[in-house]
Amino acid sequence: TTEIYTLSLHDGLPIYPKAGFLCTANNQTIGPDDPRILGSSWYAPWRAMRIASVISGQDNHTWKDSVALQADRFDELLPRFKSILFDSPLGDNIRKTICRWKDKGKRADAKTALSVFSVFDGNMEADSSGAALWGIFQKVFIRDLFADELGPEDSETWKNFSGLFTGIYGPD
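Criteria and thresholds
Residues numbered from 1 in each chain as written. Predicted model: local features only at pLDDT ≥ 70, side-chain atom pairs only at ≥ 80, totals over all residues. Heavy atoms only, no water. Helix = DSSP H or I, 4+ residues; strand = E, 2+ residues; numbered from the N terminus. Buried < 20%, exposed > 50% of the residue type's maximum accessible area, 1.4 Å probe, protein only. Polar contact = N/O pair within 3.5 Å; in protein donor to acceptor, adjacent residues only side chain to side chain. Patch = residues over 30% accessible without salt bridge, like charges linked within 9 Å, V, L, I, M, F, W, Y side chains within 5 Å. Areas by Shrake-Rupley, 256 points an atom, 1.4 Å probe, with all protein chains shown as cover. Salt bridge = Lys/Arg side-chain N within 4 Å of Asp/Glu carboxyl O. Arc of directions from axis to C-beta. Contact = heavy atoms within 4.5 Å.

A look at the side chain of Ser 155
Okay, step 1: Mapping Ser 155 onto the fold places it in the loop between helix H6 (129-150) and helix H7 (156-169).
Okay, step 2: Here Ser 155 falls in the buried class, since its relative accessible area comes to 17%.
Okay, step 3: In this structure the side chain of Ser 155 is engaged in a polar contact, spanning 2.9 Å, whose partner is the backbone oxygen of Pro 152.

Written out as structure tokens, the structure reads:
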């Protein structure tokens, strides 16, 4: 038998989620204009998006599916990155710029990285070259984006930011 659970507000009115299920991954679960204050520090939405994607693709989600989902290592941000890198004018410009580089070794390394990204499925497994490259890319990108504002990598400000970023977005 299938049991249907509903949430109730303080006045007893039932809430039926439009998706047919509830999920959260420490992400913001209400809109920015919602008057209720549930907190002010949220994780990025990628994990909650992955959970919703998996559950919405299933007819019957079991506790075993939940266990498998808990161990899921798919990075929901990667497909968005790949669409920019391979299916956009910006990606075309990046590849054209790489082809114009005079340093043949640097050009070959960049083409190898693009090749690895093109076949990487987004599963962040320990033995995956794609996962390693994606992790390195994120680390270098964040460093290059914020280091000029936060100081050198040995500064306390940078160490605090880096620790916070790693705690939120790092492995496990």
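Additional details are given in the paragraphs that follow.
Concerning a nonpolar patch on the surface
Okay, step 1: Taken together, the side chains of Phe 137, Phe 141, Leu 145 and Phe 146 present a nonpolar region at the surface, about 340 Å² in accessible area.
Okay, step 2: Mapped onto the elements, Phe 146 comes out in helix H6.

Examining helix H1 (residues 46-56)
Okay, step 1: For H1, the set of buried residues is Ala 48, Arg 50, Ile 51 and Ile 55. Along the long axis of H1, the arc covered by the buried residues comes to 160 degrees, so they all point the same way.
Okay, step 2: If you follow the buried residues of H1, they end up packed against helix H2 (63-70).

Considerations on the environment of Arg 47
Okay, step 1: Position of Arg 47 among the secondary structure elements: in helix H1.
Okay, step 2: Residue classification places Arg 47 among the partly exposed positions, given a relative accessible area of 27%.
Okay, step 3: Remark: the alpha-carbon pair of Arg 47 and Leu 77, spanning 30 residues in sequence, is separated by 9.1 Å.
Okay, step 4: If we skip the residues at most four places from it in the chain, Arg 47 touches Ala 25, Leu 69, Gln 70 and Asp 72.

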